[in-house]
There are 2 protein chains.
Amino acid sequence: MLAEKSIYRYRIEPQDVDFTLRATIPALGGVILNTAGIDAHGKGFGVDALNEENHSWVLSRIAFEFDRRPEQYADYTVATWISDYGRVLSTRNFTLVDSSGVEFGRAVSQWAMIDLATRSAVDLSRVGDAHADAIVDAPSPAEKPRKIRAVVPTQHCEHRVVYSDIDFNRHVNTMRYIEMMLDMLPIDRLTAEVPVRLDVHFLKECRYGQILAIGAEIHDDEALFEISNDEGAVAVRAAIGWR
Amino acid sequence: MLAEKSIYRYRIEPQDVDFTLRATIPALGGVILNTAGIDAHGKGFGVDALNEENHSWVLSRIAFEFDRRPEQYADYTVATWISDYGRVLSTRNFTLVDSSGVEFGRAVSQWAMIDLATRSAVDLSRVGDAHADAIVDAPSPAEKPRKIRAVVPTQHCEHRVVYSDIDFNRHVNTMRYIEMMLDMLPIDRLTAEVPVRLDVHFLKECRYGQILAIGAEIHDDEALFEISNDEGAVAVRAAIGWR
């Protein structure tokens, strides 16, 4: 039996919108990541199942594209599927479709499985048949996440990692990194009604109590970001582009 | 016809839990506040309906009690009802019940309706029959939110209000205030398995770009908090107590 895309139904809730009454990029990104977790859990290879073998999923890279940001109370669906996996990375895809059937967003994510004791990557054949059986024969809906070149920040800010920033692994939550970076942009960029693509590359995990340095290099049609920990190591790089 | 409590079904999702794999206080608080918005919207007196007359709901005070924090993937319900209203404040109540029928949390909130042009309170008879017809003849499930006495902070931090902090009204989101305050506590207080009560009193709205000063006065069995804006005016006071 061939696996099929899984489809989850959502609605843009009041807590998802900004003052334009449209969903924010972090809210849509959060729904996409939560859908990944729920889908893996439902199929038997979620973080909870992996933890029993002292393994976990770690997001390596993700690219989001949003053609527009839907309005408060709009119904939409998120389809998700794994298109392929190699020895180290599993590729999970997403499409977001409005109630008229029009696709308004998509994402491609690449996940590694790590051993929680050694923090090193585990061969994905170890995930077992549930993961292999979940592969759907459909290509990724967008270009895979890009490698981001060195960033030369012209703006800087600092952030101490607090309880509200961390996830069940005691690391900074993915969406918090994205918020820290986007919050450095002028507010009219964040609320502009133009198609946007966001590529994020995760290099190192940040922990409770660390002081993070966030740098931004802002151009007319794109912005680059870099988050470093208090040892100077780069933890996250990202690029956002507007069309 | 007598109005009845409305009941909403939820599940503790992975994004709601901390490293103890139990729901955080801000996650449960967020669900409670979102339930208020959805219930008012469904009954015809939500923020969207009020905005058409240039009015809005503003949260004045809220008290939360959590006997325990449920585990990831636990199903639960939130019941909500308005028990009474005066000229200025409407009282909305909540109870949280687990899948065995045991109540594990509750909240009492007091809301004012404001005129968005003048930012002053509007007589609640202006909300109309939908609100009056929604009154349920059942008492609040906990002591009403307490007035919080002057706070004498011994710890301080600062926060610049960014895009991710603000809501559809361009004011700091209620849960962000709560996170800013709780994040000043030692992490073992936040993850302790003891009943907790949190009272929050909102005095003034904070806006994008303001630099907020957050102060905490931490004792053995309680902590008091105060958030001030960059003009020195107190915006929020809160108290958290552990049993």
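Everything discussed here concerns the structure shown above.
The text that follows walks through the structure, step by step, so that each part is easy to find. (Residues numbered from 1 in each chain as written. Chains lettered and ligands numbered in written order. Predicted model: local features only at pLDDT ≥ 70, side-chain atom pairs only at ≥ 80, totals over all residues. Heavy atoms only, no water.)

## Brief notes about the pattern of salt bridges
Here is the rule we go by: Basic side-chain nitrogens of Lys or Arg form a salt bridge, by our definition, when they fall within 4 Å of a carboxyl oxygen of Asp or Glu. Every helix listed is a DSSP run of H or I at least four residues long, and every strand listed is a run of E at least two residues long, numbered separately from the N terminus. When a residue's accessible area, from a 1.4 Å probe over protein chains only, is under 20% of the maximum for its type it is buried; when over 50% it is exposed; and in between it is partly exposed.
Under the defined criterion, the tally for this structure stands at 44 salt bridges over all chains. Ionic pairing is found between Asp-98 of chain B and Arg-68 of chain B, a salt bridge with its closest N-O pair at 2.5 Å. Within this pair, whereas Asp-98 of chain B is found in strand E4 (residues 89-98), its partner Arg-68 of chain B is found in the loop between strand E2 (55-66) and strand E3 (75-85), the two being separated by 30 residues in sequence. Take Asp-98 of chain B: its relative accessible area is 15%, and that puts it in the buried class. The salt bridge involving Arg-149 of chain B is made with Glu-217 of chain B; its shortest N-O contact spans 3.7 Å. Pair noted here: Arg-149 of chain B is in the loop between helix H3 (129-133) and strand E6 (155-160) and Glu-217 of chain B is in strand E8 (residues 211-218), with a separation of 68 residues, a long-range link. On the basis of relative accessibility, which here comes to 49%, the residue Arg-149 of chain B falls in the partly exposed class. Ionic contacts of the salt-bridge type, sharing partners, join the residues Glu-65, Asp-67, Glu-103, Arg-106, Glu-143, Arg-146, Arg-197 and Asp-199 of chain A into one network.

## Thoughts on unusual backbone geometry
Residues and elements named next belong to chain A. The phi dihedral of Leu-21 is positive, around 60°, even though this residue is not glycine. Looking at where Leu-21 falls in the secondary structure, it is placed in the loop between strand E1 (6-11) and helix H1 (25-42). The exposure class assigned to Leu-21 is partly exposed, which follows from its relative accessible area of 34%. Unlike most non-glycine residues, Tyr-73 shows phi in positive territory, near 70°. Relative accessible area serves as the criterion here: at 19%, Tyr-73 is assigned to the buried category.

## A closer look at the packing of aromatic side chains
Under the convention used in this document: Under the pairing criterion, centres of Phe, Tyr and Trp rings, with the six-membered ring standing for Trp, must be within 6.5 Å; the plane angle then separates stacked pairs below 30 degrees from edge-to-face pairs above 60, leaving the rest tilted. Two limits define a charge over a ring: the Lys NZ or Arg CZ must be within 6 Å of the ring centre, and within 35 degrees of the ring normal.
All told, the structure shown has 8 aromatic pairs over all chains when counted by the stated rule. A centroid spacing of 6.1 Å and a plane angle of 20° characterise the contact between Phe-64 of chain B and Phe-66 of chain B, whose relative ring orientation is stacked. This pair shows no difference in class: Phe-64 of chain B is buried, exactly as Phe-66 of chain B is. Put simply, the rings of Tyr-10, Tyr-76 and Phe-104 of chain A touch in pairs and so form one group of aromatic residues. Across the ring face of Phe-19 of chain A, the terminal group of Arg-170 of chain B is positioned such that the distance to the ring centre comes to 3.6 Å.

## As for the relation of the copies chain A and chain B
The following threshold applies: In superposing the copies, a least-squares fit is computed on C-alpha atoms, taking residues whose pLDDT is at least 70 in both. Whether two residues are in contact is decided by their heavy atoms, any of which lying within 4.5 Å being enough.
Take chain A, turn it by 180°, move it 0.0 Å along the axis, and it overlays chain B with an RMSD of 0.0 Å. Accordingly, the operation relating the two chain copies is best matched by a two-fold axis. Residues of chain A ranked by C-alpha distance from the rotation axis are headed by His-159 of chain A, positioned 4.8 Å from it. Interface overlap between copies: 100% of the residues of chain A at the interface are likewise at the interface in chain B, consistent with a symmetric, same-surface contact.

## Some remarks on the sheet that holds strand E2 (residues 55-66) of chain A
All names here are of chain A. In plain terms, the rule: Strand pairing requires that DSSP identify at least two bridges connecting the strands. Between the N-to-C directions of two axes lies an angle of 0 to 180 degrees, each axis being a line fitted to C-alpha atoms and, for a helix, fitted only over the stretch in contact.
The 10 strands lie next to each other as E1-E3-E4-E5-E2-E7-E10-E9-E8-E6, forming an open sheet whose pairing is antiparallel. Each of the sheet's edge strands pairs with one partner strand only, and the pair in question is E1 and strand E6 (155-160). Taking each pair of neighbouring strands and ignoring which way they run, the sheet shows an average axis angle of 20°. Where strand E4 (residues 89-98) and strand E5 (residues 103-115) come together, 9 bridges link them in antiparallel fashion. Across the sheet, the residue bridging to Thr-95 is Arg-106, located in E5. Taken strand by strand, H1 contacts E1, E2, strand E3 (75-85), E4, E5, strand E7 (196-202) and strand E10 (234-242), and its axis lies near 140° from that of E2. Strand contacts of helix H4 (residues 174-182): E2, E6, E7, strand E8 (211-218), strand E9 (222-228) and E10, with the helix running at about 120° to E7, the strand carrying the most contacts.

## A closer look at the packing of H1 of chain A against H4 of chain A
A pair of packed helices can be characterised by two numbers: the angle between their axes and the separation between those axes. All names here are of chain A. Defined as follows: Any angle that falls under 35 degrees is termed roughly parallel, while one over 145 is termed roughly antiparallel, one within 65 to 115 roughly perpendicular, and all others oblique. Less than a right angle of anticlockwise turn of the near helix away from the far helix marks a crossing as left-handed, whereas a clockwise turn marks it as right-handed.
Between H1 and H4, the shortest axis-to-axis distance is 10 Å and the interhelical angle comes to 160°. As summarised for this structure, H1 and H4 are arranged roughly antiparallel, according to the angle between their axes. Pair H1 / H4 crosses with right-handed handedness. In this structure, H1 contributes Ile-25, Pro-26, Gly-29, Gly-30 and Leu-33 to the contact, and H4 contributes Thr-174, Met-175, Glu-179 and Leu-182.

## Details of the interface of chain A and chain B
Rules: By buried area we mean the combined loss of accessible area, with a 1.4 Å probe, across both parts when two parts are placed together. Polar contacts, as used here, are pairs of N or O atoms within 3.5 Å; protein pairs need one atom able to donate a hydrogen and one able to accept it. Residues neighboring in sequence count only if both atoms are side-chain atoms.
Listed per partner, the contact involves 31 residues of chain A and 31 residues of chain B. Across the interface of chain A and chain B, roughly 2900 Å² is buried in total on both sides, 57% from carbon and sulfur atoms. Of all residues in chain A, the largest losses of buried area upon contact with chain B belong to Phe-19, Tyr-163 and Asp-183 of chain A, amounting jointly to 25% of the total for that side. At the junction of chain A with chain B, the criterion picks out 2 salt bridges. Close ionic contact of Glu-179 of chain A with Arg-176 of chain B constitutes a salt bridge, the shortest N to O distance being 2.9 Å. One can count 7 residue pairs in polar contact (both at pLDDT 80 or more) joining chain A with chain B. Those elements that provide at least two residues to the side of chain A that touches chain B are H1, H4 and helix H5 (187-190) of chain A. Here the element with the most residues in the side of chain A that touches chain B is H1 of chain A; it accounts for 4 residues.

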